[in-house]
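# Results of the structural survey
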Amino acid sequence: MTGAIGARRWAIAEGYIPGQSTGPAPQFTSHEAACILNAGPADAHVTITIFFSDRDPVGPYHVTVPARRTLHLRFNDLDNPEPVPCDTDYASLIESNVPIVVQHSRLDSRQAENALLTTVAYPVGG
Amino acid sequence: MPTEWTNWSGSLCFTPNTIAVPADEDELVAIVRHAALAGRTVRVVGAGHSSTPLVETSDLLVSLEQFSGVLEHNTAARTATVGAGTRLHALGKQLHAVELALENLGDVDVQAIAGAIGTGIHGSGKTLKILSSQLVGLRMVTASGELVEWTEQEQPEELRAARVALGTLGIFTTVTLQLQPAFQLHRREWCAHVEDALDHLEQLVEQNRNFDFYWYPRSDEAKLRTMNSPEARQPDLAFARLLDEQAGWSHEIIPKQRTLRFDEMEYALPADAGPACFRDIRQRVKAKWRRSVGWRLLYRTSAADDSFLSTNYERSSVTISLHQNNSLPYQAYFADLEPILRAYGGRPHWGKKHTLLAAELRPLYPCWEQFQHIRQRLDPQGLLLNTYLRDLFGIDQEALR
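Residues numbered from 1 in each chain as written. Chains lettered and ligands numbered in written order. Predicted model: local features only at pLDDT ≥ 70, side-chain atom pairs only at ≥ 80, totals over all residues. Heavy atoms only, no water.

The next point concerns the pairing of strand 9 (residues 135-141) of chain B. Residues and elements named next belong to chain B. Across the 7 residues that make up strand 9, a large majority, 6, are buried. Pairing analysis gives 6 bridges linking strand 9 to strand 11 (residues 171-178), with the strands arranged antiparallel. Its bridge partner being in strand 11, glycine 137 is matched across the sheet by threonine 176. Examined bridge by bridge, strand 9 and strand 10 (residues 147-151) share 5 bridges and lie antiparallel to one another. The residue bridging valine 141 from the neighbouring strand is leucine 147, located in strand 10. (Buried < 20%, exposed > 50% of the residue type's maximum accessible area, 1.4 Å probe, protein only. Helix = DSSP H or I, 4+ residues; strand = E, 2+ residues; numbered from the N terminus. Pairing = 2+ DSSP bridges.)

Next up, the structure:
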């Protein structure tokens, strides 16, 4: 059986949700996502803190990734304690009680020729 | 020492001169009589869930928290008399213990019963009236310090005024409710694209005891909630994905736990206007507000009634409510959408954010003057009014005439 892999703390320095979209929603809605893999045997209780360029951080946002599951979390859908504003630079710190792997992706559909970018987040220690 | 008072969402904050917590009717009568003699004003507060300044005062604020619990019940007649300050969550449990239940509940059950009645809260369901409609009797302390008792049989016109009265006819101490035998519901929650939900809206409203949906502006998806008797289980919704289901007693199934604090504006529209208004609202939110608004909009239905200041007075209604996290500005968002809700003949929820005052409200309520006449008779000096309520009712303007 697969054990837990990854790290307990991750950072995504890049963050920006385009405010405009092209194509049907929600499939083609411009968005950013954190794809979180929890390969281990215990549920991952994850907190996310959002950092901005001109104001104090907001959070924590709480999500749970069940054992041996993945969660593709759209930052667009976060609302507690606040929605993440569109068209605004931000960064995120993702912390978990068990090791996880975090990959970041953005769909920018402001023009019909869609752009998708992705990168593995930065692990901060084990 | 004056103590600051804050409402549930935190958007209303003020410091009354005194907060009184009377233990019983005698103490409340003494407080009101003393206030009347001293020329003071009095506002009454239940759970503080409203976010319009109905209770705001720099003078005397009276809490109903000691007036709590089921005092009498008649299972055969399906009635119960309860303390006016009883919180709905506790009321549901206590009524269930005597095999009774409210016909319907709102999305949350943190309010006090007198506040819920006084501001006209409601749940969702085409055949279900707002909660105030269950009021069939009351005891209250009037502005003169008199303890009066009204029943639907003896004072039918007064009851129509009292059912939505914003705490301005008197301070309720007990309310008698017409109830249902305890009943169970099967709640199912579905996710669908909002266009699919709108395509099936009429049948969803018609075929379910309770139906509402939340629209999420950022994903354009909707969460649909249907509630029916467990014996009358409905077929699956082919266009939607089942997210959750639960069955149990009505007071456990209808309300939801809400940990996130928010501010809200809600308008009740003629039922036929609901779909078109929602489409206009959706278009505007998508065009202008998705950048800063992530919270959902709620679409509900409820039945007509005859209470003078009910938002459902003589018309079945669709209600559309907008929400914003209480930590974020709501004013510009609500102000931008309010004209659309008004253009469809909307009446604002009394306890939620809106900007209407007497000049705009009076034409919306055919029995406005009947209500004001009863209020004036009971409280000619305006002991139970604050500045907001005077503006809301146009008291100063009338006095000038």
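Right, let's get into the nonpolar core. The biggest cluster of nonpolar side chains holds 118 residues, and the ones touching the most others in it are Trp150, Leu169, Phe213, Leu224 and Phe393 of chain B. Among the nonpolar cores identified, the runner-up in size contains 26 residues, and Trp10, Ile50, Val58 and Tyr90 of chain A belong to it. (Core = buried A, V, L, I, M, F, W, Y, C linked by side-chain atoms within 4.5 Å.)

Residue and element names in this part refer to chain B. Within the span of helix 8 (residues 274-289), buried status applies to Gly274, Cys277, Phe278, Ile281, Arg282, Val285 and Trp289. Down the axis of helix 8, the smallest arc covering the buried residues is 135°, so these residues share one side. For helix 8, exposure combined with an orientation more than 90 degrees from the buried face picks out Gln283 and Ala287. (Arc of directions from axis to C-beta.)

Attention now moves to the interface of chain B and chain A. With 16 residues of chain B at the interface, the matching set in chain A holds 15 residues. Roughly 1,300 Å² is buried in total at the junction of chain B and chain A, and carbon and sulfur atoms are behind 49% of that figure. Broken down residue by residue, the surface that chain B buries against chain A is led by Arg218, Leu260 and Arg291 of chain B, which jointly contribute 43%. Across the chain B-chain A interface, the total number found is 0 salt bridges. Along the contact surface separating chain B from chain A lie 9 residue pairs in polar contact (both at pLDDT 80 or more). Classifying every residue of the side of chain B that touches chain A gives 4 nonpolar, 7 polar and 5 charged. (Contact = heavy atoms within 4.5 Å. Buried area = accessible area lost by both parts, 1.4 Å probe. Salt bridge = Lys/Arg side-chain N within 4 Å of Asp/Glu carboxyl O. Polar contact = N/O pair within 3.5 Å; in protein donor to acceptor, adjacent residues only side chain to side chain. Nonpolar A, V, L, I, M, F, W, Y, C, P; charged D, E, K, R; others polar.)

Turning our attention to helix 11 (residues 368-378) of chain B. Along helix 11 of chain B, the positions that sit buried rather than exposed are Trp368, Phe371, Gln372, Ile374, Arg375 and Leu378 of chain B. Each buried residue of helix 11 of chain B lies within a common arc of 160° when the element is viewed along its axis, so the set occupies one face.

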